[in-house]
Amino acid sequence: MEKMETKVVAIDSNNIDETIINEAGLIIKRGGLVAFPTETVYGLGGDGLNPESSKKIYAAKGRPSDNPLIIHIADIKDLEKIVKAIPESAMKLVDRFWPGPLTMIFEKSEAVPLETTGGLETVAVRMPSDKVARAFIKAAGGYVAAPSANLSGRPSPTLAKYVIEDMNGRIEMIIDGGASKVGLESTIVDTTTDRPMILRPGYITQEMLEDALREEVLWDRAIIDEDCKTPPKAPGMKYRHYAPKASLTIVEGLEGQVAEKINSLGLEAVNFGKKVGVIATEQTIGLYNSLFNIKSAGSKENADDAAHFLFKILREFDDDETEIIFSESFEGDGVGKATMNRLIKAAGHQIIQA
Ligand code: AMP
Ligand code: MG
């Protein structure tokens, strides 16, 4: 890959600097790449309608090119050009959740190159709510293809400093818009099937979707059943993702027993000279041996906290050169389901019982 100078600029969402936004937009229109903030995680953007731009995104991320990109739009009027049809269920979800952390799958139109969709005849589309993201998408011509702005396999970036870590020298510009509000990638829903189906869990939960649609929403079996032989419908879900450099193990069980187990396994590792980290909560942080590097994923009472902090914590463990991490498990309902989905992938399915 050709090495380049990456310009890093900060933008205040309450006072958007049009000159910088227009400069970023122009980079995209000319076929370059810009990383930008969204409410979910930072995106690595290129012109979604330009096949060369999509190729550059795969190269910058080191991502397999069969893993399609999401096209980000800023105006609902722009949806028509890139899809063949808008099913009634999709329209209901647009009304309720856009702009916001929901991606939908549509049959793609001719305007969308196969390079952007990883060879699929469908296209994933999202309208983010982040103000900087929307201004940037408009300045870029309306169609910004973007995966998360991390190197393939690493935790998604929720702060610009992590984008700089992964993307410096690989893209033209990074827009720093502060911390991502949600902290996990969007929920992906397929509305081209008979029944709407969740392909990736996220902040918008099954219950929220069912409430908006007034019908049952299914799960892609491949993401909820470990023994399922068919590949996931969202090609990206088949890869090991979000991995910190350390080995990560999830410990399940009753609160006191989990702490006891982690303390004993952790001490063993410390005795072998290893740096040990623990992912706990505000309520349990005091239960662990102070020899460990203990991080809180927020309050047990607020499921949004763990979603918000998980990727940041995984990156911090890398910065601290932690070698072995033990994590408590989180509530598997609502957004907790999405958090657990990412945590299990980060752990490479290493789960033990206390
Ligand atoms: P990322 O932006 O890094 O979160 O990755 C985008 C996710 O969207 C990946 O998991 C892709 O597999 C998924 N995706 C994108 N386009 C499609 C599509 N047409 N059908 C199914 N999944 C898709
Ligand atoms: Mg990603």
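Above this note sits the structure.
Owing to the predicted nature of the structure, the values given are computational and were not obtained by experimental measurement. (Residues numbered from 1 in each chain as written. Chains lettered and ligands numbered in written order. Predicted model: local features only at pLDDT ≥ 70, side-chain atom pairs only at ≥ 80, totals over all residues. Heavy atoms only, no water.)

## Here we look at the site of ligand 1
Okay, so step 1: Taken together, 21 residues sit near ligand 1, with N67, T122, P147, R200 and G236 positioned nearest.
Okay, so step 2: Residue P235 places a main-chain N or O atom 3.2 Å away from an oxygen atom belonging to ligand 1.
Okay, so step 3: Relative to its free-state accessible area of 500 Å², ligand 1 is covered by the protein chains to the extent of 95%.
Okay, so step 4: Top contributing element to the shell around ligand 1 by residue count: strand 6 (residues 122-126), with three residues.
Okay, so step 5: Residues of the shell around ligand 1, tallied by class, amount to 13 nonpolar, four polar and four charged. (Near = heavy atom within 4 Å. Polar contact = N/O pair within 3.5 Å; in protein donor to acceptor, adjacent residues only side chain to side chain. Areas by Shrake-Rupley, 256 points an atom, 1.4 Å probe, with all protein chains shown as cover. Helix = DSSP H or I, 4+ residues; strand = E, 2+ residues; numbered from the N terminus. Nonpolar A, V, L, I, M, F, W, Y, C, P; charged D, E, K, R; others polar.)

## Things to note about the environment of D318
Okay, so step 1: Positionally, D318 belongs in helix 10 (residues 303-319).
Okay, so step 2: Owing to a relative accessible area of 8%, D318 belongs among the buried residues under this scheme.
Okay, so step 3: Beyond its immediate stretch of four places on either side in the chain, D318 contacts R154, P244, K245 and A246. (Buried < 20%, exposed > 50% of the residue type's maximum accessible area, 1.4 Å probe, protein only. Contact = heavy atoms within 4.5 Å.)

## Side note on the layout of surface pockets
Okay, so step 1: Taken as a whole, the largest pocket spans an internal volume of roughly 720 Å³.
Okay, so step 2: Looking at the lining of the largest pocket, the elements that each hand over two or more residues are strand 4 (70-72), strand 6, strand 9 (187-190) and strand 10 (197-200).
Okay, so step 3: Of the residues forming the lining of the largest pocket, the biggest block, four residues, is contributed by strand 6.
Okay, so step 4: Of the residues contributing to the lining of the largest pocket, the split by class is 20 nonpolar, 14 polar and 10 charged.
Okay, so step 5: There is about 590 Å³ of room inside the second largest pocket.
Okay, so step 6: Lining the second largest pocket are 23 residues, and of these I223, E226, N341, I344 and H349 sit closest to its centre.
Okay, so step 7: Listed by contribution, the elements that provide at least two residues to the lining of the second largest pocket are helix 8 (221-224) and helix 11 (335-346).
Okay, so step 8: The leading source of residues in the lining of the second largest pocket is helix 11, at five residues. (1 Å grid on protein atoms, 1.4 Å probe; cavity = no way out; pocket = protein on both sides within 12 Å on 5 of 7 lines; lining within 4 Å. Points joined across faces, edges and corners; volume = space filled by probe spheres on them.)

## As for helix 4 (residues 88-97)
Okay, so step 1: Those residues of helix 4 not exposed but buried are S89, A90, L93, V94 and F97. For helix 4, the arc enclosing every buried residue in end-on projection is 145°, short of the 170-degree limit, so these residues lie on one face. When the buried face of helix 4 is taken as reference, the exposed residues oriented beyond 90 degrees from it are E88 and D95.
Okay, so step 2: Those residues of helix 4 hidden inside the fold are in contact with strand 5 (102-107), strand 9 and helix 7 (206-213). (Arc of directions from axis to C-beta.)

## A closer look at the packing of helix 10 against helix 11
Okay, so step 1: At a minimum axis separation of 8 Å, helix 10 and helix 11 run at an interaxial angle of 20°. When the interaxial angle is binned, helix 10 and helix 11 end up roughly parallel. Of the two elements, helix 10 crosses helix 11, and the hand of that crossing is left-handed. Along the contact surface, helix 10 presents A303, D304, A306, A307, L310, F311 and L314, while helix 11 presents V335, G336, T339, R342, L343 and A346.
Okay, so step 2: Grouping the amino acids of the contact of helix 10 with helix 11 by side-chain chemistry returns nine nonpolar, two polar and two charged. (Axes fitted to C-alpha atoms, helices over the stretch in contact; angles between N-to-C directions. Parallel < 35°, antiparallel > 145°, perpendicular 65-115°, else oblique. Left-handed = near helix turned anticlockwise from the far one by under 90°.)

## Here we look at helix 10
Okay, so step 1: With 17 residues, helix 10 extends 25 Å between its outermost C-alpha atoms, agreeing within 8% with the 24 Å of an ideal straight helix rising 1.5 Å per residue.
Okay, so step 2: The largest bend in helix 10 is about 40°, located at F309.
Okay, so step 3: Of all the residues in helix 10, the buried ones are D305, A306, A307, L310, F311, I313, L314, R315, F317 and D318.
Okay, so step 4: On its buried face, helix 10 is in contact with helix 6 (160-167), strand 12 (247-252), strand 13 (276-280), strand 14 (293-296), strand 15 (324-328) and helix 11. (Expected span 1.5 Å × (residues − 1). Bend = angle between axes of the 7 residues up to and from the residue.)

In short, the description is geometric, and any link to function would need to be established separately.
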